[in-house]
Amino acid sequence: MLWFVVTVALIAIITIFCLVRTQRSDKEIAPYVSHCLFWLLIPIVSNIVIALSDDPEVCKFCFTVYFISTTVLLYYFAEFAIKFCNFAEKPFASNLMMGVVAIDAVNLAFNYVFNHVFSVSVVEEGGEVDVVFQSLWYHKIHLGISALLLAISIIVLTVKCIKTSKLYRDRYILILIVCILASFWESFHVFTNGVVDQSIIGICACGLFIYIYAMEYVPSILMDEMKK
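Residues numbered from 1 in each chain as written. Predicted model: local features only at pLDDT ≥ 70, side-chain atom pairs only at ≥ 80, totals over all residues. Heavy atoms only, no water.

Trainee: Before we go on, may I ask you to explain helix H3 (residues 56-84) in this structure?
Mentor: The periodicity of an α-helix, 3.6 residues per turn, causes residues three or four positions apart to be oriented the same way. Over its 29 residues, H3 runs 41 Å from end to end, which matches the ideal 42 Å to within 8%, given 1.5 Å per residue. Of all 29 residues that make up H3, 22 are buried, and the element is covered over most of its length. For H3, the N-terminal cap is Asp-55; the gap from its side-chain oxygen to the backbone nitrogen of Glu-57 is 2.9 Å. (Helix = DSSP H or I, 4+ residues; strand = E, 2+ residues; numbered from the N terminus. Expected span 1.5 Å × (residues − 1). Buried < 20%, exposed > 50% of the residue type's maximum accessible area, 1.4 Å probe, protein only. Polar contact = N/O pair within 3.5 Å; in protein donor to acceptor, adjacent residues only side chain to side chain.)

Listed below in structure tokens is the structure:
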């Protein structure tokens, strides 16, 4: 598991660097990218602690923070996709998504009271201590909410890829492909029911790719194409 901790820690450092650069930018898209990068850091740190700890209470807290932060991250990613694709902003839809995220966060936090989302236990075998994660009924609803938020982003990017001109299409297609690949990796983690979410590496790659392509790479490509 050491390789996972080292890899994710390096990604966290790169993410912080990109976040600082984004916050200093005056581009219109910068606040949306900044929100995505900030909320990406929280599940990164949570997974590092889960990978290093064998204390069930520490892992339970980190799982709660992880689930809440990933839902908020997906909300801001949907907001980013809508803005990046120049879709008309709909306050009602945005407020509805925010309300669903808030309700989900409250339910996740109340797992400490009702134990309805997940449970964490410790199993000792052969002198080794392993943390066991068990998904409960509300965890399925949480996964459904996360999938819905991700689907909104994918649909927005897909529609933009279809409707936009060839000159601009690449900027949306590449982000869409990376987003879909990351979602497949996350789905694999959900079905295998692993304790440590190694798909966070793919999610981080998606976030960093969005930063590079939205904040750094796209303007130069478009300038070259327009010159041609």
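Further notes follow.
Trainee: How should the layout of surface pockets be read in this particular structure?
Mentor: Once rolled over the atoms, a probe with the size of a water molecule shows which space is left empty. Considering only enclosed or pocket space, the largest pocket measures out at about 830 Å³ in volume. Around the largest pocket sit 40 residues that line it, and Leu-74, Ser-146, Leu-150, Glu-186 and Ile-203 are the ones nearest its centre. Among the secondary structure elements, those contributing two or more residues to the lining of the largest pocket are helix H2 (30-52), H3, strand E2 (128-135), helix H6 (137-163), helix H7 (166-192) and helix H8 (200-227). Looking at the lining of the largest pocket residue by residue, the classes come out as 25 nonpolar, twelve polar and three charged. In this structure, the second largest pocket spans a volume of roughly 270 Å³. Lining the second largest pocket are 13 residues; nearest its centre among them are Ile-82, Ala-88, Glu-89, Lys-90 and Ala-93. Of all the elements in the fold, those that place two or more residues in the lining of the second largest pocket are H3 and helix H4 (91-109). Here the lining of the second largest pocket gets four residues from one element, more than from any other, and that element is H4. In the lining of the second largest pocket, the residues fall into eight nonpolar, one polar and four charged. (1 Å grid on protein atoms, 1.4 Å probe; cavity = no way out; pocket = protein on both sides within 12 Å on 5 of 7 lines; lining within 4 Å. Points joined across faces, edges and corners; volume = space filled by probe spheres on them. Nonpolar A, V, L, I, M, F, W, Y, C, P; charged D, E, K, R; others polar.)

Trainee: Just checking my understanding: could you explain the packing of H3 against H6 for this structure?
Mentor: Geometry of a packed helix pair, given as the angle between the helix axes and the separation of the axes. Two elements in contact, H3 and H6, have axes whose closest approach is 8 Å; the angle formed by their N-to-C orientations is 15 degrees. By the angle class used here, H3 and H6 are roughly parallel. The two elements H3 and H6 cross, and the hand of that crossing is left-handed. Residues Phe-67, Thr-70, Thr-71, Leu-74, Tyr-75, Phe-77, Ala-78, Ala-81 and Ile-82 of H3 form the contact with H6, whose participating residues are His-139, His-142, Ile-145, Ser-146, Leu-149, Leu-150, Ile-152, Ser-153, Val-156 and Leu-157. Across the contact of H3 with H6, the residue classes tally to 13 nonpolar, six polar and no charged. (Axes fitted to C-alpha atoms, helices over the stretch in contact; angles between N-to-C directions. Parallel < 35°, antiparallel > 145°, perpendicular 65-115°, else oblique. Left-handed = near helix turned anticlockwise from the far one by under 90°. Contact = heavy atoms within 4.5 Å.)

Trainee: Would you take a moment to explain the pattern of salt bridges for this structure?
Mentor: Pairs can form between side chains of opposite charge whenever their charged atoms are close. Within the structure shown, the criterion is met by three salt bridges. With its nearest N and O atoms 3.0 Å apart, the salt bridge here joins Arg-21 to Glu-216. In this pair, Arg-21 is assigned in helix H1 (residues 2-23) and Glu-216 in helix H8, connecting sequence segments 195 residues apart. You can call Arg-21 partly exposed: its relative accessible area is 40%. Glu-89 is the salt-bridge partner of Lys-83, the closest N and O atoms lying 3.6 Å from each other. Salt bridges linked by common partners bring Glu-28, Lys-83 and Glu-89 together as one network. (Salt bridge = Lys/Arg side-chain N within 4 Å of Asp/Glu carboxyl O.)

Trainee: Quick question: what am I supposed to make of the packing of H1 against H2 here?
Mentor: Contact geometry of H1 with H2 gives a least axis separation of 9 Å together with a crossing angle of 160 degrees. It follows that H1 is roughly antiparallel to H2 by the angle criterion. The crossing of H1 and H2 is left-handed. Across the interface between the two elements, Phe-4, Val-5, Val-8, Ala-9, Ile-11, Ala-12, Thr-15, Ile-16, Cys-18, Leu-19, Thr-22 and Gln-23 from H1 touch Ala-30, Val-33, Ser-34, Leu-37, Phe-38, Leu-40, Leu-41, Ile-44, Asn-47, Ile-48, Ala-51 and Leu-52 from H2. Tallied by class, the residues present in the contact of H1 with H2 amount to 19 nonpolar, five polar and no charged.

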